[in-house]
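Breakdown of the fold
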Amino acid sequence: MDPDAVAKAFVEHYYRTFDTNRAALATLYQDGSMLTFEGDKILGAANIAAKLTSLPFQQCEHKIVTVDCQPSGPQGGMLVFVSGSIRTGPEDHPIKFSQAFHLIPTGQTFFVQNDMFRLNYG
């Protein structure tokens with residue numbers, strides 16, 4: 001398993017799903033997963049999905065600039081750090097963001113144990 005290829009495939013899937021069907025992101029999390037979104041901590045797949053689907057925009061488009069990854073722990077987990085920009089409407093200016101994921105293997109796939117998101121103003 002090539003960690004860079006796994007990270008790239010995960011990031012493409014995550015942001016494509018976020019941009020087209022945010023509710024479907026719930027399948028990437030488990031009950032013990034945690035999202036920190038702009039400083040707010042949200043625990044559990046259902047609560048994370050509720051937070052993401054309640055964001056105050058209907059459409060968005062992510063543009064990914066960098067994806068970095070490192071192996072994490074003896075179980076084969078991965079840390080993935082993403083930077084890019086998000087545009088929430090055709091007239092809106094893109095806003096830079098950074099996001100970190102801690103992926104844990106489960107069978108032939110991964111789930112998101114930890115997810116931290118921040119907009120980067122300035």
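Described in the following lines is the structure provided in the data block.

Conventions adopted
Residues numbered from 1 in each chain as written. Predicted model: local features only at pLDDT ≥ 70, side-chain atom pairs only at ≥ 80, totals over all residues. Heavy atoms only, no water. Phe/Tyr/Trp six-rings, centres within 6.5 Å; stacked < 30°, edge-to-face > 60°. Helix = DSSP H or I, 4+ residues; strand = E, 2+ residues; numbered from the N terminus. Buried < 20%, exposed > 50% of the residue type's maximum accessible area, 1.4 Å probe, protein only. Salt bridge = Lys/Arg side-chain N within 4 Å of Asp/Glu carboxyl O. Contact = heavy atoms within 4.5 Å. Pairing = 2+ DSSP bridges. Axes fitted to C-alpha atoms, helices over the stretch in contact; angles between N-to-C directions. Expected span 1.5 Å × (residues − 1). Arc of directions from axis to C-beta.

A word on the packing of aromatic side chains
Evaluation of the coordinates by the stated rule reveals nine aromatic pairs. Pairing Phe 10 with Phe 101 gives two aromatic rings, centres 4.9 Å apart and planes at 80°, and the pair type is edge-to-face. Residue Phe 10 is located in helix 1 (residues 3–20), and its partner Phe 101 is located in strand 5 (residues 95–106); the two are separated by 91 residues in the primary sequence. We classify Phe 101 as buried; its relative accessible area is 1%.

Focus on the pattern of salt bridges
Across all of its chains, the model carries one salt bridge by this definition. One salt bridge connects Lys 8 with Glu 12, and the closest N-O pair in it is separated by 3.6 Å. Here Lys 8 and its partner Glu 12 are both found in helix 1, four residues apart, which amounts to about one turn of the helix. Glu 12 sits in the partly exposed class, given a relative accessible area of 41%.

Some words on the side chain of Ser 72
Counting through the fold element by element, Ser 72 comes out in strand 3 (residues 61–72). Residues in contact with Ser 72, not counting those within four places in the same chain, are Gly 77, Met 78, Leu 79 and His 102.

Let's talk about the sheet that holds strand 5
Taken in spatial order, the six strands make up an open sheet running 2-1-6-5-4-3, and their pairing is mixed. Both outer strands of the open sheet, strand 2 (40–43) and strand 3, are each paired with one neighbouring strand and no more. Across this sheet, the average inter-strand angle for adjacent strands is 15°, counted without regard to direction. Alignment of strand 4 (residues 77–87) against strand 5, held across nine bridges, turns out to be antiparallel. Its bridge partner being in strand 5, Leu 79 is matched across the sheet by His 102. On the sheet, helix 1 packs against strand 1 (29–37), strand 3, strand 4, strand 5 and strand 6 (109–120) and is oriented at approximately 145° with respect to strand 3. Helix 2 (residues 45–53) rests against strand 1 and strand 2 of the sheet, and its axis sits at about 40° to strand 1.

Regarding helix 1
Note: α-helices contain 3.6 residues per turn, so residues at a spacing of three or four share the same orientation. For helix 1, which comprises 18 residues, the first-to-last C-alpha distance of 26 Å matches the rise-based estimate of 26 Å (1.5 Å per residue) to within 8%. By the burial criterion, the buried members of helix 1 are Val 6, Ala 7, Phe 10, Val 11, Tyr 14, Tyr 15, Thr 17 and Phe 18. Projected down its long axis, helix 1 shows its buried positions confined to an angular sector of 160°, all on one face. Along helix 1, the residues that are exposed and aim more than 90 degrees away from the buried face are Lys 8 and Thr 20.

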